[in-house]
Amino acid sequence: VSISEDPSEMANDKVKEFDDTRLLLNSVMECMEPGPIQLPPAYVNMIKTKTILGSGYFGEVRLGIDEPFGKRFAIKLIKPLVIEQALADRLESIQNSFRNEVKILSQLKHSNIAPLYGYCMGEGSGLR
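Cut-offs applied
All chains use their own residue numbering, which begins from 1 and follows the written sequence. Given that the model is predicted, a residue must reach a pLDDT of at least 70 before its local features are reported, and side-chain atom pairs must reach 80 or more before they are shown or counted; all residues, however, enter totals for whole chains, interfaces and linings. Computation of side-chain values covers all heavy atoms of the structure but excludes hydrogens and water. Only DSSP runs of H or I reaching four residues or more are called helices, and only runs of E reaching two or more are called strands; each is numbered from the N terminus. Three labels apply to residues, based on accessible area from a 1.4 Å probe with only protein chains included: buried if under 20% of the type maximum, exposed if over 50%, partly exposed otherwise in between. Every residue pair with non-hydrogen atoms within 4.5 Å of one another is taken to be in contact. Cavities and pockets are defined on a 1 Å grid built over the protein atoms alone: a cavity is a set of grid points where a 1.4 Å probe fits but cannot escape, while a pocket is an open set with protein on both sides within 12 Å along at least five of seven lines, and lining residues are those with an atom within 4 Å of any such point. Grid points are joined across faces, edges and corners, and a volume is the space filled by probe spheres set on the points. For salt bridges, the criterion is a side-chain nitrogen of Lys or Arg within 4 Å of an Asp or Glu carboxyl oxygen. When DSSP finds two or more bridges between two strands, those strands count as paired. All axes here are fitted lines through C-alpha atoms, helices being fitted over the stretch that makes contact, and every angle between N-to-C directions spans 0 to 180 degrees. Residues form patches when they are more than 30% accessible in relative terms and have no salt bridge. Like charges link within 9 Å. Nonpolar side chains (Val, Leu, Ile, Met, Phe, Trp, Tyr) link within 5 Å. All accessible areas in this document rest on Shrake-Rupley with a 1.4 Å probe, and a residue is counted as covered only by the protein chains that are shown.

### Looking at the overall build of the protein
Next, step 1: Within the protein, the regular secondary structure consists of five helices and five strands.
Next, step 2: Element order for the protein, N to C, with α for helix and β for strand: α-α-β-α-β-β-β-α-α-β.
Next, step 3: Out of the 128 residues belonging to the protein, those deemed buried represent 27%.
Next, step 4: Long-range pairs, those at least 24 residues apart, make up 45% of the contacts in the protein with a sequence separation of at least 6.

### Section: the layout of surface pockets
Next, step 1: What the largest pocket holds in volume is close to 570 Å³.
Next, step 2: Taken together, 24 residues line the largest pocket, and the ones lying closest to its centre are Ala74, Ile75, Lys76, Leu116 and Gly118.
Next, step 3: Broken down by secondary-structure element, the contributors of at least two residues to the lining of the largest pocket are α2 (19-29), β4 (71-78), α5 (91-107) and β5 (118-119).
Next, step 4: Among the elements that make up the lining of the largest pocket, the one with the highest residue count is β4 (five residues).

### Points about the pattern of salt bridges
Next, step 1: If you walk through the whole model with that rule in mind, you get five salt bridges.
Next, step 2: Taking the shortest distance from any N to any O, the salt bridge between glutamate 67 and lysine 48 comes out at 3.9 Å. Of the two residues, glutamate 67 is situated in the loop between β3 (59-66) and β4 and lysine 48 in strand β2 (residues 48-55); the sequence distance between them amounts to 19 residues.
Next, step 3: One salt bridge in this structure joins glutamate 60 and arginine 62, with 2.7 Å as the shortest N-O distance.
Next, step 4: Connected through salt bridges with shared partners, the residues Asp19, Arg22 and Asp66 form a single ionic network.

### Looking at the environment of isoleucine 78
Next, step 1: When you line up the elements, isoleucine 78 lands in strand β4.
Next, step 2: On the accessibility criterion, isoleucine 78 (12% relative accessible area) is buried.
Next, step 3: Separated by 17 residues in sequence, isoleucine 78 and valine 61 place their C-alpha atoms 8.7 Å apart.

### Side note on the sheet that holds β3
Next, step 1: Taken together, the three strands give an open sheet; going across it, the order is β2-β3-β4, and neighbouring strands pair in antiparallel fashion. This sheet does not close on itself; its edge strands, each paired only once, are β2 and β4. If you compare each strand with its neighbour and ignore which way they point, the axes differ by 30 degrees on average.
Next, step 2: Pairing between β2 and β3: five bridges, direction antiparallel. Paired with serine 55 across the two strands is glutamate 60, which belongs to β3.

### Quick notes on a nonpolar patch on the surface
Next, step 1: Among the surface-exposed residues, Ile104, Leu108 and Ile113 lie close enough to one another that they form a single nonpolar patch of about 240 Å² accessible area.
Next, step 2: Locating isoleucine 113 in the fold gives a position in the loop between α5 and β5.
Next, step 3: A relative accessible area of 34% places isoleucine 113 in the partly exposed class.

Here you go:
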């Protein structure tokens, strides 16, 4: 037996699902917490990413918008299929390279470089 829920309540539940993530992310963005933080794949996958800002062999950088949060992000999306087909034997090396990029970007402070507040790495994330 299933109980039909009000669609507006379901939408509110979806917004509330990531409140803790949003609070922590906001703390990093306001320099109240050290960053970057690892974001859950479900949160990153929920962010709308329509506009492509740039692209390369491994993926794209897109404008991401968390509408309930009212924040815009640049999100780097890695194409998992490219990695699987061309570099399957080097997956661990690629993941280590991604971790190093996160570490380096989190230390850079320059007006022409977007700050790194969070990253996502894991099942279903596409190494975002």
